[in-house]
Structure formats: structure tokens, C-alpha cells
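Given next are the chains, with one letter for each unit.
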Amino acid sequence: KAGVTQTPRYLIKTRGQQVTLSCSPISGHRSVSWYQQTPGQGLQFLFEYFSETQRNKGNFPGRFSGRQFSNSRSEMNVSTLELGDSALYLCASSSTPSEQYFGPGTRLTVT
Amino acid sequence: QKEVEQNSGPLSVPEGAIASLNCTYSDRVSQSFFWYRQYSGKSPELIMSIYSNGDKEDGRFTAQLNKASQYVSLLIRDSQPSDSATYLCAVTPPEGGYNKLIFGAGTRLAVHP
């Protein structure tokens, strides 16, 4: 069974721009969660989608948003990028509560 | 107080020894506990999950949970240099947030030959 895939793997953006990241979960998994990982803050939960509905949200500003499509693929969007948004963005999928499997991540650099 | 606390390490053990990684969590109501392994430059990989008090063994890995003490640990027997990585402890929050995991900062393990 193929794992979680994320595109793109690397991205460089300029302050003020917006970015969209994509995640395809493991086949059959309906839950997709997004996390941000930085050296200073570690791994932090952004939000979770299940059946196209946001089921949980972390403590991030409204510039961070997401959505899920009927095939369970998910996208997250960050608007008005700030330097502090530079991070590894990880997507995780799950078929059972809590056991999550991570994709390879998208490394975002904001200059 | 952080919700999930881990010693950042590095924890250095010789090859063949037992590595013991510890994690404490702040909320007694947390229900599910996980250990992830993250190699440098890679994404976290789920290696153990534990939901009830006691021990759970999987190969060279044993997870131990003590809810009364709010403590979860991971033992790695016969440590190998390939086990050198950062080990992340994660718990589900008390409000039952489905697939929302709260992670510790991770413990860096170094296994030397």
C-alpha cells in the first residue's frame, strides 16, 4: 500500500506571498491531519480533516487554512507568508483514531 | 508546564545495550500514547502505540505506561547504531481530539559501536 504523499517537497516563497501544499493520504484513510515542525517549537498540530470537514484546529492564526476533497486528499494554504512560517509541514493520515502515519513533508522557506 | 515533556538528550548508549526513553504528560485524562522515531531530515515514523497501563512489546521495543504517574517510556533492547534518531512522545489531548496529537520536543538517541 502506498504511503502518504506530499507535494511539493521543497518550496521557497517571499514574505507576503501565499502558498498551497497538497497531501494524498494512504488509500482508505479518511482522516488527514497537518502539523508544523520547527526547531524552536517542535511538532505542532495545525488542523485535522475528516470526510471533508475540519474536525480539530490547533492554535494557529487564520492565515493557516485547509480543506479536504471527496477523495480524502487535502490541501493547506498559508496566506501572507511571514519569515516565521519557514518550517517543515507534515501531513499525516489515519484510519483509526490517533494512529497517524506521516508523509515526507514539505520544506517551506520564506525569504 | 509543557503538556508533554521529554529529556532532550542526547542519550548515548553503547551498541547492544538497553536504551530507556522517558516521557511525562500533564493531563491525567489523556487516553492514547505514541512513540515516533525521526531520523535527521526525515518525517516521524510510528513505532509504538499504547492505550492501557502496563507493558506492550513489539520486537526490540517495549512501551510502558503508568497513568497514575502520568508517565510513558520506551525501552529499546539490543540497541543498534541504526536506532540513532530522535524519539518523539505523543499523546492525545484530554478533550478527546480525535487525531490531534500533542508532541514532546523529542529525545535524541545516539548508539555508538
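Preceding this section is the structure that the text describes.
Here the structure is a predicted model, which means the values were calculated and not measured.

In this section: the overall build of chain A. Tallying secondary structure elements over chain A gives 0 helices and 11 strands in all. Going from N to C terminus, chain A has its helices and strands arranged as β-β-β-β-β-β-β-β-β-β-β. Taking 13 Å as the expected radius of gyration for a compact globule of 111 residues, we find that chain A reaches 13 Å, a close match to that expectation. Put simply, chain A has 111 residues, and 50% of those count as buried. Counting contacts in chain A only where the partners sit at least 6 residues apart, residues at least 24 apart contribute 52% of the total. With the model as given, the accessible surface of chain A reaches about 5,300 Å², and the carbon-plus-sulfur share is 48%. Chain A carries 11 positive and 6 negative side-chain charges, and their two centres are separated by 4 Å.

This paragraph deals with the environment of Leu11 of chain A. All names here are of chain A. One can find Leu11 in strand β2 (residues 10-13). In this structure Leu11 comes out as buried when scored by relative accessible area, which is 19%. Spatially, the C-alpha atoms of Leu11 and Ser86 are 9.7 Å apart, while their sequence positions differ by 75 residues. Apart from the residues within four sequence positions on either side, Leu11 is in contact with Val19, Leu21, Arg107, Leu108 and Thr109.

Turning to the interface of chain B and chain A, a few remarks are in order. The partner chain A presents 21 residues to the 17 residues of chain B that form the contact. Surface buried jointly by chain B and chain A totals about 1,600 Å² across both partners, of which 53% is contributed by carbon and sulfur atoms. The interface formed by chain B and chain A includes 0 salt bridges. Taken together, chain B and chain A are joined by 11 residue pairs in polar contact (both at pLDDT 80 or more). Of all the elements in the fold, those that place two or more residues in the side of chain B that touches chain A are β4 (33-38) and β5 (45-50) of chain B.

Where side chains of opposite charge bring their charged atoms close, a pairing between them can arise. In the structure shown here, the tally under the stated rule is 8 salt bridges over all chains. Residues Glu48 of chain A and Arg55 of chain A are paired through a salt bridge, measuring 2.7 Å at the closest nitrogen-oxygen approach. By relative accessible area, Arg55 of chain A is classed as partly exposed at 29%. Arg77 of chain B is the partner of Glu57 of chain B in a salt bridge, and the nearest nitrogen-oxygen pair spans 3.5 Å. Note that Glu57 of chain B is positioned in strand β6 (residues 54-58) and Arg77 of chain B in the loop between β8 (71-76) and β9 (85-91), a separation of 20 residues in sequence. Judged by its relative accessible area of 59%, Glu57 of chain B is exposed. Linked by salt bridges that have partners in common, Arg63, Glu82 and Asp85 of chain A make up one network.

Moving on to empty space enclosed by the protein. In this structure the tally under the stated criterion is 1 cavity of 30 Å³ or more. Together, 10 residues line the largest cavity, and Glu3, Ser26, Asp27, Ser30 and Val91 of chain B are the ones closest to its centre.

Here we take up the nonpolar core. Grouped together as the largest cluster of nonpolar side chains are 24 residues, with contacts concentrated most on Phe33, Trp35, Val72, Leu74, Ile76, Tyr87 and Leu109 of chain B. Of all the elements in the fold, those that place two or more residues in this core are β3 (19-25), β4, β5, β7 (61-66), β8, β9 and β11 (107-112) of chain B. Residues within four places of Leu109 of chain B in sequence aside, it is in contact with Leu11, Val13, Ala19, Ile76, Asp83, Ser84, Ala85 and Tyr87 of chain B. Within the second largest apolar cluster, 21 residues are counted, among which are Leu21, Phe47, Val78 and Cys91 of chain A.

The rules behind each value
Residues numbered from 1 in each chain as written. Chains lettered and ligands numbered in written order. Predicted model: local features only at pLDDT ≥ 70, side-chain atom pairs only at ≥ 80, totals over all residues. Heavy atoms only, no water. Helix = DSSP H or I, 4+ residues; strand = E, 2+ residues; numbered from the N terminus. Rg over C-alpha atoms; globule rule 2.2 N^0.38 Å. Buried < 20%, exposed > 50% of the residue type's maximum accessible area, 1.4 Å probe, protein only. Contact = heavy atoms within 4.5 Å. Areas by Shrake-Rupley, 256 points an atom, 1.4 Å probe, with all protein chains shown as cover. Lys, Arg positive; Asp, Glu negative; His and termini not counted. Charge placed at Lys NZ, Arg CZ, Asp CG, Glu CD. Buried area = accessible area lost by both parts, 1.4 Å probe. Salt bridge = Lys/Arg side-chain N within 4 Å of Asp/Glu carboxyl O. Polar contact = N/O pair within 3.5 Å; in protein donor to acceptor, adjacent residues only side chain to side chain. 1 Å grid on protein atoms, 1.4 Å probe; cavity = no way out; pocket = protein on both sides within 12 Å on 5 of 7 lines; lining within 4 Å. Points joined across faces, edges and corners; volume = space filled by probe spheres on them. Core = buried A, V, L, I, M, F, W, Y, C linked by side-chain atoms within 4.5 Å.

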